[in-house]
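# Examination of the molecular architecture
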Amino acid sequence: MARLKLTVACGDYEIVRALADGRVEADGIELVMLTGMGSRERHWRMARKAEFDVCEINIGGYFMGRDRGEALTAIPVFLHRRFRHGFVFVNANAGIRAPNNLIGKKIGGTNFQPASNIWMRGILEEYYGLPHRQCVWVVERSEDVEFTPPKDLRMEMIAPGKRLDVMLAEGEIPAMLSPEIPRLFLDGDKRIVRLFPNYRDVEIEFFRKIGIFPIMHVTAIKQEIVDKYPWVATNLVKAFEQAKALAYRHIANPRSVPLAWIRTFWEEQEEILGPNPWAYGLGAANRKNLETVQRYCHQQGLIGRTVPLDDLFADTDLGDAGGGAENI
């Protein structure tokens, strides 16, 4: 019997490499792994043209799509997580010493919808006293998912030919939230500094207090596929789990990675984040994670309402049947 052929667009991550090279196969499915795109291209092509059967997309973009009635569901496979305190940059001479110093100020941010910016705006508002509606959000490109900003959300598009990191360095804007490290900062420009210089310590403390390792992306699948082949969602999750387990074993081997203290770093991560930081499924920690970012999406005007997570994800819970990494 022929296997079901599905295109899967995702990042070129170690945790999916065994799927891409064929060491792991999804039962009954032939996966065409498309790992050569950057996040922006992948998100845009899925949001605007629905080009892929299965796609790793911005968590905010997924919530927005579902809020607008798009025929998508998701499997609880979260391929990209990242702490974000280290991605808040300020002009060194702007006198910004704490987040609430930015009330009423302009803050740059590529565009409004990146998961990184959704998370950091929410965190800054909830824990640092910086209401996002009391800032002006300066963006440099259009949104991946079309939306009309709330009337009290102040947004500005930069002039053609300008760059946000240059504007930040020259003091035209005092701060910037960025999904990536700004080019001038990487080049060593001393006019740009992090708002949280000890960001790693801050992020560790955030995790220990709040218990969230922020989920950036979710794995979406066309609803028509799940409707026609209900078994696909669970078989995909099992395959992603197997690939992740192989990646964990590979990285934990000090011979695999050319870093002198890789085993030390691995053990430190396990002590802080636990043995499975990239956990899949809808366990308690992931539910708190997803409910938090959905709440931030609603607060920031990206979605009209919050809905139960079980309405947003295919049921792939195997119960006592297993199927997780511990059974491999």
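Just above, that's the structure.
An account of the accompanying structure is given in this report. All values reported here derive from a predicted model rather than from experimental measurement.

Structurally, the position occupied by Glu30 is in strand β2 (residues 29-34). In this structure the C-alpha to C-alpha distance between Glu30 and Ala2, which are 28 residues apart in sequence, comes to 8.9 Å. In this structure Glu30 touches Arg3, Leu4, Lys5 and Leu6, once residues within four positions along its chain are discounted.

Attention now moves to the sheet that holds strand β10 (residues 192-194). Taken in spatial order, the six strands of this open sheet run β8-β7-β6-β9-β5-β10, and their pairing is mixed. Two strands lie at the open edges of the sheet, namely β8 (154-157) and β10, each paired on one side alone. Here the average twist between neighbouring strands, direction ignored, is 30 degrees. In terms of strand pairing, strand β6 (residues 106-108) meets strand β7 (residues 136-139) through three bridges, oriented parallel. Directly across from Ile107, in β7, lies its bridge partner Trp137. Packed on one face of the sheet, helix α4 (residues 115-128) meets β5 (88-91), β7 and β9 (175-177) and runs near 125 degrees to β9.

Moving on, we get to the layout of surface pockets. Taken as a whole, the largest pocket encloses approximately 1000 Å³ of empty space. Of all the elements in the fold, those that place two or more residues in the lining of the largest pocket are α7 (199-210), α9 (232-252) and α10 (262-273). Considering every element that reaches the lining of the largest pocket, the biggest residue donor is α10, with seven residues. Of the residues contributing to the lining of the largest pocket, the split by class is 19 nonpolar, two polar and nine charged. When its volume is computed, the second largest pocket comes out at roughly 700 Å³. Around the second largest pocket, the lining comprises 33 residues; the ones closest to its centre are Thr110, Arg141, Ser178, Pro179 and Glu180. Broken down by secondary-structure element, the contributors of at least two residues to the lining of the second largest pocket are α2 (39-49), α4 and α5 (164-169). Ranked by the residues each element gives to the lining of the second largest pocket, the list is headed by α2, at four residues. Within the lining of the second largest pocket, the residues separate by chemical class into 10 nonpolar, 12 polar and 11 charged.

A few words on the packing of aromatic side chains. Taken as a whole and assessed by the stated rule, the structure comprises 14 aromatic pairs. Between Phe83 and Phe213, the aromatic rings sit 4.6 Å apart at their centres with planes inclined by 20 degrees, giving stacked as the arrangement. Linking Phe83 in the loop between β4 (72-75) and β5 with Phe213 in the loop between α7 and β11 (217-222), this pair joins segments that are 130 residues apart in sequence. On the accessibility criterion, Phe83 (14% relative accessible area) is buried. Seen in terms of ring centroids, Trp119 and Tyr296 are 5.8 Å apart; in terms of plane orientation they differ by 90 degrees. Their pairing is edge-to-face. Pair noted here: Trp119 is in helix α4 and Tyr296 is in helix α11 (residues 284-299), with a separation of 177 residues, a long-range link. For Trp119, a relative accessible area of 0% translates into the label buried. On the basis of relative accessibility, which here comes to 1%, the residue Tyr296 falls in the buried class. The aromatic ring of Tyr280 is capped on one face by Lys244, whose charged end is 4.4 Å from the ring centroid.

What follows concerns the sheet that holds β2. Here five strands make up an open sheet; going across it, the order is β2-β1-β3-β11-β4 and the pairing mixed. Two strands bound the open sheet, and with one partner strand each, they are β2 and β4. Each neighbouring strand pair of the sheet contributes to a mean axis angle of 35 degrees, computed without reference to strand direction. Two strands pair when backbone bridges link them, and strand β1 (residues 4-9) and strand β3 (residues 54-58) are joined in this way by two bridges, in the parallel orientation. Bridge pairing in β3 places Val8 opposite Val54.

Cut-offs applied
- Residues numbered from 1 in each chain as written.
- Predicted model: local features only at pLDDT ≥ 70, side-chain atom pairs only at ≥ 80, totals over all residues.
- Heavy atoms only, no water.
- Helix = DSSP H or I, 4+ residues; strand = E, 2+ residues; numbered from the N terminus.
- Contact = heavy atoms within 4.5 Å.
- Pairing = 2+ DSSP bridges.
- Axes fitted to C-alpha atoms, helices over the stretch in contact; angles between N-to-C directions.
- 1 Å grid on protein atoms, 1.4 Å probe; cavity = no way out; pocket = protein on both sides within 12 Å on 5 of 7 lines; lining within 4 Å.
- Points joined across faces, edges and corners; volume = space filled by probe spheres on them.
- Nonpolar A, V, L, I, M, F, W, Y, C, P; charged D, E, K, R; others polar.
- Phe/Tyr/Trp six-rings, centres within 6.5 Å; stacked < 30°, edge-to-face > 60°.
- Buried < 20%, exposed > 50% of the residue type's maximum accessible area, 1.4 Å probe, protein only.
- Lys NZ or Arg CZ within 6 Å of the ring centre and 35° of its normal.

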